[in-house]
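# Coordinate inspection notes
Listed here are the chains, written in short residue letters.
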Amino acid sequence: MPTKPAPKTSRPSKAKPAAKPVKVTATKASKPALKAAPPKAAPPKGEAGTRDNPWKLTTANGGSEYVMFRDETLDPPALVCKVGSTELRYHLSCIEDLHAMLKKHGDWMPLGAADEQKPAAEGTVEAWGRSPKNPVGGWYGLRKGYRGRFGMYLPPLLEKLGLVELEHNPKNNRVRAL
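Residue positions within a chain follow its written sequence, with the count starting from 1. In keeping with the predicted nature of the model, local features appear solely for residues at pLDDT of at least 70, side-chain atom pairs appear and are counted solely at 80 or more, and the whole-chain, interface and lining totals rest on all residues. The basis for every side-chain value is the complete set of non-hydrogen atoms in the structure, without hydrogens or water.

A word on the overall build of the protein. Working definition: helices are DSSP H or I runs of at least four residues, strands are E runs of at least two. Numbering for both runs from the N terminus. Along its length, the protein carries 5 helices and 7 strands. Ordered by position from the N terminus, the helices and strands of the protein form the series α-α-β-β-β-β-α-β-α-α-β-β. When the 178 residues of the protein are sorted by exposure, 34% land in the buried category. Contacts were defined at the residue level, with two residues in contact if any of their heavy atoms lie within 4.5 Å. Long-range pairs, those at least 24 residues apart, make up 46% of the contacts in the protein with a sequence separation of at least 6. Roughly 11,300 Å² of accessible area belongs to the protein as shown, and the carbon and sulfur atoms make up 57% of that amount. Using a 1.4 Å probe on the protein chains alone, a residue whose accessible area is under 20% of its type maximum counts as buried, one over 50% counts as exposed, and one in between counts as partly exposed. In this description, accessible areas are obtained by the Shrake-Rupley approach with a 1.4 Å probe, and a residue is regarded as covered only by the protein chains that are shown.

Bringing the sheet that holds strand S6 (residues 164-166) into the picture now. Taken in spatial order, the 3 strands line up as S5-S7-S6 in an open sheet, and their pairing is antiparallel. Only two strands of the sheet have a single neighbouring strand rather than two, namely strand S5 (109-110) and S6. For two strands to be treated as a pair, DSSP must find at least two bridges joining them. Sheet topology places S5 next to strand S7 (residues 174-177); 2 bridges connect them, and they run antiparallel. Each residue of the ladder has a partner; that of Pro110, found in S7, is Arg174. In the packing of helix H3 (residues 94-105) onto the sheet, the strands contacted are S5, S6 and S7, and the crossing angle to S7 comes to about 85 degrees. Working convention: axes come from line fits to C-alpha atoms, limited for helices to the stretch in contact. Angles between N-to-C directions cover 0 to 180 degrees. Against the sheet, helix H5 (residues 150-160) contacts S6 and S7, and its axis sits at roughly 120 degrees relative to S6.

This paragraph deals with the pattern of salt bridges. Side chains carrying opposite charge are able to pair once their charged atoms draw close together. Salt bridges are defined by distance alone: a side-chain nitrogen of Lys or Arg within 4 Å of a carboxyl oxygen of Asp or Glu. The tally for this structure, following the rule as stated, stands at 7 salt bridges. Note that Glu87 and Arg89 form a salt bridge whose closest N and O atoms lie 2.8 Å from each other. Glu165 is the salt-bridge partner of Arg176, the closest N and O atoms lying 3.0 Å from each other. In this pair, Arg176 is assigned in strand S7 and Glu165 in strand S6, connecting sequence segments 11 residues apart. A relative accessible area of 30% places Arg176 in the partly exposed class.

Pairing of aromatic side chains requires ring centres within 6.5 Å, counting the rings of Phe and Tyr and the six-membered ring of Trp. Pairs whose planes differ by under 30 degrees are stacked, by over 60 edge-to-face, and all others tilted. Counted under the stated rule, the structure contains 5 aromatic pairs. Between the aromatic rings of Tyr66 and Tyr153, the centroid separation amounts to 4.8 Å while the plane-to-plane angle is 70 degrees, which identifies the pairing as edge-to-face. Within this pair, whereas Tyr66 is found in strand S2 (residues 65-71), its partner Tyr153 is found in helix H5, the two being separated by 87 residues in sequence. On the basis of relative accessible area, Tyr66 is assigned to the buried category, the value being 3%. Judged by relative accessible area, Tyr153 falls into the buried class, the value being 8%. With centroids separated by 5.2 Å and ring planes inclined at 25 degrees, the aromatic side chains of Trp128 and Tyr140 adopt a geometry described as stacked. Here Trp128, found in helix H4 (residues 125-128), pairs with Tyr140, found in the loop between H4 and H5; they are 12 residues apart in sequence, far enough to count as distant. Trp128 sits in the buried class, given a relative accessible area of 14%.

In this model, Asp75 is joined to Pro76 through a cis peptide bond whose omega is 0 degrees. In this structure, Asn172 takes a positive phi of about 55 degrees despite not being glycine. Structurally, Asn172 is set in the loop between S6 and S7.

Mapped onto the fold, Arg147 is located in the loop between H4 and H5. A distance of 2.7 Å separates polar atoms of two side chains, one belonging to Arg147 and the other to Glu116. Setting aside anything within four residues of it in sequence, one finds Arg147 in contact with Tyr90, Glu116, Trp139, Gly141 and Leu142. Whenever a nitrogen or oxygen atom comes within 3.5 Å of another N or O atom, the pair is scored as a polar contact, on the condition that within protein one atom can donate a hydrogen and the other can accept it, and that pairs from neighbouring residues in sequence are kept only if both atoms are in side chains.

Okay, structure coming up:
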């Protein structure tokens, strides 16, 4: 019996060149199709942008993941942003208002994200989100102490909704309306 395995060992060595890595390449080609299938089954049922089916987003620089959803039961109705255990709330009208402002602006605008306690750079999305000249007459953020970061969290949502084009650089990202 030991003589039979010896010829089999020599046959696979001959079979290796015949098999070639074509089968491996075919296997690799089929793997992306398998990876693409799970996302089709992954989205939860129901309308996107609700508490049960929030928008899953990433900051423009790719540094943080967060979720956003509309909550019309709050007073006033709000766009809720959850970053880890922190919850920020913005006037629900901010989506349409920001898009309208960017369309009127007509060009790229820096995001300029800043905490509430820090001043926002002039001419940025963040500065507009706090300006007494915007449609709500001041802060879009509703929770005192958590009213900033408008320029960080809102533009990726508008991009997901197909309303804007957003840069994805490590720093100094900009946005413009489509």
